[in-house]
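Analysis of the macromolecular model
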Amino acid sequence: MNNLLVTGGCGFIGANFVRFLFEEAGFQGRVVNADLLTYAGNPLSLADIEAANPERYVFRRADICDRAAMERIMDEFQIDAVAHFAAESHVDRSIVAPDTFVRTNVLGTQTLLDLCRRRMDRLEVFHHVSTDEVYGTLGEEGYFLETTPYAPSSPYSASKAASDHLVRAYHHTYGLPVTISNCSNNYGPYQFPEKLVPLMILNAIEGKPLPVYGDGRNVRDWLHVADHCRAVWAIMTRGRRGETYNVGGRSERRNLEVVGRIIDLVEQLCPALPSGPRRDLITFVKDRPGHDWRYAIDCTKLESELGWSPRETFDSGMEDTVRWYLAHRDWVESVRTGEYTRWIEAHYGKRA
Ligand code: NAD
Ligand code: DAU
């Protein structure tokens, strides 16, 4: 791989992945980051990487659904590998506006696949970053395996499932060298504060209500984003083409436990609030429609075939994350645009 296209590199996981390529992976080629810069994309997340690597890091603002624009990028930079992160990623937004999710996640992915298929002679790998949500929901028992049948339940997960099927179909039909990862919930630096972890961290710091959906007993399997990036790289470089690998932290927590841990960390690291303990900020709000009960990943295949295992524990990773948000108020302010304020008001205003 000499010229790696990262789509969605200004989003949460994409930006962490680009940082990982420069800071940890030892990748010596060029990284081309194509991102539309929707509300979720922030070039500030990579400003230092861009300044330090003018020869090896290129940013292009582009829509993955725009075939001509993506074709120009693929040919100008002789792209020979793709790490595809770009997507609409927030379940609650997919419930409000599913059409954007179908456009970007399904049509955008198909556009990239088609461009890659026409450049197969030089393409090493198309890695598709997907989610455990394609498998639907679990009860109290069991785990998602790579062979678990797809049963997506939100417009977001349905659009990701459709994109996974297209990636598989391009491998099966045209022999495109693809790999797919289906990962559990990520947390860590640079996550947009619409998602549970950064929303709770910032609200706890600022003494605002902590909105927990339903009874807060839903379970997610939490993985630090750096461990996800290591998994994606292991799969891209050493994974079998045409294969899917599940990625997870073996770190299941009920939402209330996650919020409780965040509160404890913020109480340790910040001054006490005059209004009283932060636990009192927990506010139970109307549940998410169709809220999946539990996700849990069996990542034995990734561990045994590629020797991957997470380095961060839930406690170490969560402390690192709270400290990061406390130290990066400039980044936080840069994402709190008018759009962010509108979302928070519209979404939580009518839930209380
Ligand atoms: P994010 O919302 O933080 O970032 C998405 C990025 O894609 C943004 O920079 C945005 O500007 C860009 N983008 C959106 N539409 C685009 C378009 N049409 N063209 C080009 N760029 C576009 O998302 P994330 O949390 O970083 O997720 C990245 C990927 O990982 C997604 O595919 C998501 O489904 C998957 N995933 C996320 C998680 C998680 O916990 N966040 C877990 C498993 C899988
Ligand atoms: O499992 C992987 C998926 O994890 C990714 O594919 C998605 O892109 C990512 O957004 C995430 O989806 P979730 O819906 O699980 O994440 P979210 O942070 O939105 O919510 C986590 C849990 O917390 C979920 O059970 C809903 C709940 N929640 C969320 C928010 C935003 C609350 O209780 N209150 C909230 O305000």
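See the structure printed just above.
A brief look at the structure comes next. Not measured: the values here are computed from a predicted model.

Here we come to the overall build of the protein chain. Helix and strand content of the protein chain: 13 helices and 12 strands. The C-alpha radius of gyration of the protein chain comes to 20 Å, within 12% of the 20 Å expected for a compact globule of 352 residues. In terms of overall dimensions, the protein chain has C-alpha extents of about 65 × 45 × 40 Å along its principal axes. Residues classed as buried in the protein chain amount to 57% of the 352 residues present. Long-range pairs, those at least 24 residues apart, make up 84% of the contacts in the protein chain between residues at least 6 apart in sequence. Total accessible area on the protein chain is roughly 14,000 Å²; 52% of this is exposed by carbon and sulfur atoms.

It is worth spelling out the site of ligand 1 at this point. Taken together, 28 residues surround ligand 1, and among them Ile13, Asp35, Ser89, Tyr156 and Lys160 come closest. Leu36 is positioned with one of its backbone polar atoms (N or O) 3.1 Å from a nitrogen atom of ligand 1. Here Phe85 contributes a backbone N or O atom positioned 3.1 Å from an oxygen atom of ligand 1. For ligand 1, whose free accessible area comes to 840 Å², the fraction covered by protein is 96%. Elements supplying a minimum of two residues to the shell around ligand 1: helix H1 (12–25), strand E5 (125–131), helix H6 (155–174) and strand E7 (185–187). Broken down by element, the residue count for the shell around ligand 1 peaks at 3 residues, all from E5. Residues that form the shell around ligand 1 fall into these classes: 14 nonpolar, 11 polar and 3 charged.

Burial runs high along E5: 7 of the 7 residues are buried. Burial along E5 is two-sided: Val125, His127, Val129 and Thr131 and Phe126, His128 and Ser130, pointing in opposite directions, are all buried. Across 4 bridges, strand E4 (residues 81–84) lies against E5 in parallel orientation. Of the residues in E5, the one forming a bridge with Ala81 is Val125. Sheet topology note: the E5/strand E6 (residues 178–183) ladder contains 6 bridges and is parallel. Bridge pairing in E6 places His127 opposite Thr179. Note that the unit made of E5, H6 and E6 has a crossover that is right-handed.

This part covers the environment of Pro193. For Pro193, the position within the fold is in the loop between E7 and helix H7 (196–206). Once the C-alpha coordinates of Pro193 and Glu339 are considered, the two residues, 146 residues apart in sequence, prove to be 12 Å apart. Among residues more than four places away in sequence, those in contact with Pro193 are Pro198, Leu199, Leu202, Val335 and Tyr340.

Moving on, we come to helix H11 (residues 314–327). The end-to-end C-alpha distance of H11, which contains 14 residues, comes to 20 Å, matching closely the 20 Å that a straight helix rising 1.5 Å per residue would cover. Elements in contact with the buried residues of H11: E7, H7, strand E9 (219–224), strand E11 (252–254), helix H9 (255–269) and helix H12 (329–335).

Roughly 340 Å³ of volume is contained in the second largest pocket. Considering the residues around the second largest pocket, the lining is formed by 15 residues, among which Asn203, Lys208, Pro209, Ile344 and Tyr348 are closest to the centre. For the lining of the second largest pocket, the elements supplying multiple residues, two or more each, are H7, strand E12 (282–285) and helix H13 (338–349). Here the lining of the second largest pocket takes 6 residues from H13, the largest share from any one element. Residue classes in the lining of the second largest pocket are distributed as 8 nonpolar, 4 polar and 3 charged.

About the criteria used
- Residues numbered from 1 in each chain as written.
- Chains lettered and ligands numbered in written order.
- Predicted model: local features only at pLDDT ≥ 70, side-chain atom pairs only at ≥ 80, totals over all residues.
- Heavy atoms only, no water.
- Helix = DSSP H or I, 4+ residues; strand = E, 2+ residues; numbered from the N terminus.
- Rg over C-alpha atoms; globule rule 2.2 N^0.38 Å.
- Buried < 20%, exposed > 50% of the residue type's maximum accessible area, 1.4 Å probe, protein only.
- Contact = heavy atoms within 4.5 Å.
- Areas by Shrake-Rupley, 256 points an atom, 1.4 Å probe, with all protein chains shown as cover.
- Near = heavy atom within 4 Å.
- Polar contact = N/O pair within 3.5 Å; in protein donor to acceptor, adjacent residues only side chain to side chain.
- Nonpolar A, V, L, I, M, F, W, Y, C, P; charged D, E, K, R; others polar.
- Pairing = 2+ DSSP bridges.
- Right-handed = clockwise from strand over helix to strand, strands pointing away.
- Expected span 1.5 Å × (residues − 1).
- 1 Å grid on protein atoms, 1.4 Å probe; cavity = no way out; pocket = protein on both sides within 12 Å on 5 of 7 lines; lining within 4 Å.
- Points joined across faces, edges and corners; volume = space filled by probe spheres on them.

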